[in-house]
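Spelled out from the first residue to the last, the chains are:
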Amino acid sequence: METTAANPPPQSDMTNRNTRLQEIKHFDESKIGVKGLVDRGLESIPSFFIHPYPPKPNQKPSPTRKADPNCTPGLIPTIPVIDFFSPRSTLVDQVRRASSSLGFFQIINHSVSLSSITKILSSMQDFFELPENVKKGYYSRDMSRGAAYLTNFDLYRSEAASWRDTFQMNLSPRPPKWENVPVMCREVVVEWDKEVVKISEEIMGILFEGLGLEKSNNKLWEISGGRVMAAHYYPYCPQPELTDGLTSHTDLRLLTMLVQNEVPGLQVKIGEGWVDVEPVKGAILFNIGDLFQIMSNDQYISVEHRVLANPLRDARVSVAVFLKPSISDQLCGPFPELVSAEKPAVYRQFTLSDYMGRFFSKELDGKTLTNYYRI
């Protein structure tokens, strides 16, 4: 039987895969990142960045984007912006409702100064915009260093790469090897971590209260004392309709705290549609992670989100800190206080090390971890 182009022989598939792998390897070993591709004036993106789903409508350079057409007609949902000056009971209620229905909320009038937010964003943007020969010294996929600059941690496993560069580092319980952190960022990161600890303890206390749990400093440290920071840089993309800045996923850890510059792109999935998270000056965004959904026995929810490839000439910059348990062999599962005969546990127990291992063995997508541990 004659072989058609639509049905290539296995050898052709193998050749294509090998060619793609070589292209990825060549890009990765160049250590230039996506920013380096943009600096070379590319008018079309490399094939391994092209995603296999139908292209999105062309994204024109605009400060805002409309909500997805799949959203309820006449109603454009928004991510709540909560005033931290509100009375405690109001604050707890608003955070609880947002965490149980949307999984996302922003806070304003909090204790973190605008100058602190500006410093961490500017510091990381300055790093990403350093000359290539300086940045290359920090490029690595070896996270045993405690800090690394790279493009897509799942670059070799994902179906398609995403248009962003990342600087990721451990903050707690084990700090990074500081020689692997750019000198220009070290002091700013240390000060930012102090702000993160302070505001995240306040938010965790509110989230505990919303679940009817007693706040204990020891308990909070055990479940949220670990911190990992990821700074993402989304440069201009010449073909934003063909790729993503960050593919649809949920966050695996307990809670994510994020600050972003004025360039939009973050979207949250609500129902079958996608809703923009419009940047609010001075606001801090929080979202529930898979681990908190499990520990809350589904009272709080972890929701899919993504970042569109950036069609604007100005880069999008965000800095996220992921809170996680501080002990790697800690046993995780629903809080005992939230389990009863009327509300049985919907997840089985597991160790944090098993949980993290399963995440890093796959590409970034969907909610496979919560589904895996669900009873």
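Please read these numbers as outputs of a predicted model, since none were measured by experiment. (Residues numbered from 1 in each chain as written. Predicted model: local features only at pLDDT ≥ 70, side-chain atom pairs only at ≥ 80, totals over all residues. Heavy atoms only, no water.)

Visitor: Hey, could you run me through the overall build of the protein chain in this one?
Guide: Counting secondary structure elements, the protein chain contains 10 helices and 14 strands. Taking all 375 residues of the protein chain together, the buried fraction comes to 53%. Put simply, 80% of the contacts in the protein chain that link residues at least 6 apart link residues at least 24 apart. Accessible surface, the protein chain: about 17400 Å² in total, of which carbon and sulfur atoms supply 53%. (Helix = DSSP H or I, 4+ residues; strand = E, 2+ residues; numbered from the N terminus. Buried < 20%, exposed > 50% of the residue type's maximum accessible area, 1.4 Å probe, protein only. Contact = heavy atoms within 4.5 Å. Areas by Shrake-Rupley, 256 points an atom, 1.4 Å probe, with all protein chains shown as cover.)

Visitor: How should I be thinking about helix α3 (residues 88–101) in this particular structure?
Guide: Along an α-helix, residues three or four positions apart point the same way, because every turn accommodates 3.6 residues. Compared with an ideal rise of 1.5 Å per residue, which puts 14 residues at 20 Å, α3 spans 20 Å between its outermost C-alpha atoms and is within 8% of the ideal. Summarising the contacts, the buried residues of α3 are in contact with β1 (81–83), β2 (104–108), α6 (183–210) and β10 (284–288). Just past α3, the residue Gly103 takes up positive phi, approximately 75 degrees. (Expected span 1.5 Å × (residues − 1).)

Visitor: Explain helix α4 (residues 114–128) to me, please; I cannot follow it from the model alone.
Guide: With 15 residues, α4 extends 21 Å between its outermost C-alpha atoms, agreeing within 8% with the 21 Å of an ideal straight helix rising 1.5 Å per residue. Among the residues of α4, Ser116, Ile117, Ile120, Leu121, Ser123, Met124, Phe127 and Phe128 are the ones counted as buried. Down the axis of α4, the buried set is contained in an arc of 155 degrees. They therefore lie on one face. (Arc of directions from axis to C-beta.)

Visitor: Any chance you could explain the environment of Gln239 here in plain terms?
Guide: Looking at the secondary structure, you find Gln239 in the loop between β5 (226–234) and β6 (244–249). Judged by relative accessible area, Gln239 falls into the buried class, the value being 19%. Counting along the chain gives 72 residues from Gln239 to Pro311, while the straight-line C-alpha distance between them is 7.7 Å. Of the polar contacts made by the side chain of Gln239, one reaches the backbone nitrogen of Ile45; its length is 2.9 Å. (Polar contact = N/O pair within 3.5 Å; in protein donor to acceptor, adjacent residues only side chain to side chain.)

Visitor: Got a minute to help me understand the confidence of the model for the protein chain in this structure?
Guide: It should be kept in mind that the predicted coordinates are not to be read in detail where pLDDT is low. Model confidence for the protein chain is summarised by a mean pLDDT of 88, while 86% of its residues fall at 70 or above. Between residues 1–9, whose pLDDT stays under 50, and residues either more than four places distant or in other chains, the model counts three contacts. Overall, residues 57–75 carries pLDDT values under 50, and its contacts beyond four positions in sequence, including any with other chains, amount to 34 contacts. (pLDDT = per-residue confidence, 0-100.)

Visitor: Would you explain the nonpolar core in this entry?
Guide: Generally speaking, nonpolar side chains in soluble globular proteins are found buried as a group. Trp192 and Tyr355 are the most contacted members of the largest nonpolar core, which totals 69 residues. Tallying contributions element by element places α6 first for this core, with 10 residues. Ignoring sequence-local partners within four residues, the contact set of Tyr355 consists of Leu252, Arg253, Asp290, Leu291, Ile294, Phe350, Leu369 and Tyr373. (Core = buried A, V, L, I, M, F, W, Y, C linked by side-chain atoms within 4.5 Å.)

Visitor: Is there a simple way to think about unusual backbone geometry in this case?
Guide: The peptide bond linking Ser172 to Pro173 adopts the cis configuration, its omega dihedral lying at 5 degrees. Checked against the element boundaries, Pro173 lands in the loop between β4 (165–172) and α6. Despite not being glycine, Lys31 shows a phi value in the positive range, around 60 degrees. Secondary-structure assignment places Lys31 in the loop between α1 (10–30) and α2 (33–39). The partly exposed category is assigned to Lys31, whose relative accessible area is 33%.

Visitor: Looking at this structure, I do not really get the side chain of Gln293. What am I missing?
Guide: Within the secondary structure, Gln293 is located in helix α8 (residues 290–295). Taking relative accessible area as the criterion, Gln293 reaches 5% and is therefore assigned buried. For Gln293, the side chain forms a polar contact with the main-chain nitrogen of Ser302, separated by 2.8 Å.

Visitor: Any chance you could explain the sheet that holds β6 here in plain terms?
Guide: Backbone-to-backbone hydrogen bonds pair the strands of a sheet. The strands run either parallel or antiparallel. Taken in spatial order, the four strands make up an open sheet running β6-β11-β8-β9, and their pairing is antiparallel. In this open sheet, the two strands that pair with only one neighbour each are β6 and β9 (273–276). Neighbour-to-neighbour, the strand axes of this sheet turn through a mean angle of 30 degrees, independent of strand direction. As paired elements, β6 and strand β11 (residues 305–308) share three bridges and run antiparallel to each other. Residue pairing across strands places Asp244 opposite Leu308, the latter belonging to β11. (Pairing = 2+ DSSP bridges. Axes fitted to C-alpha atoms, helices over the stretch in contact; angles between N-to-C directions.)

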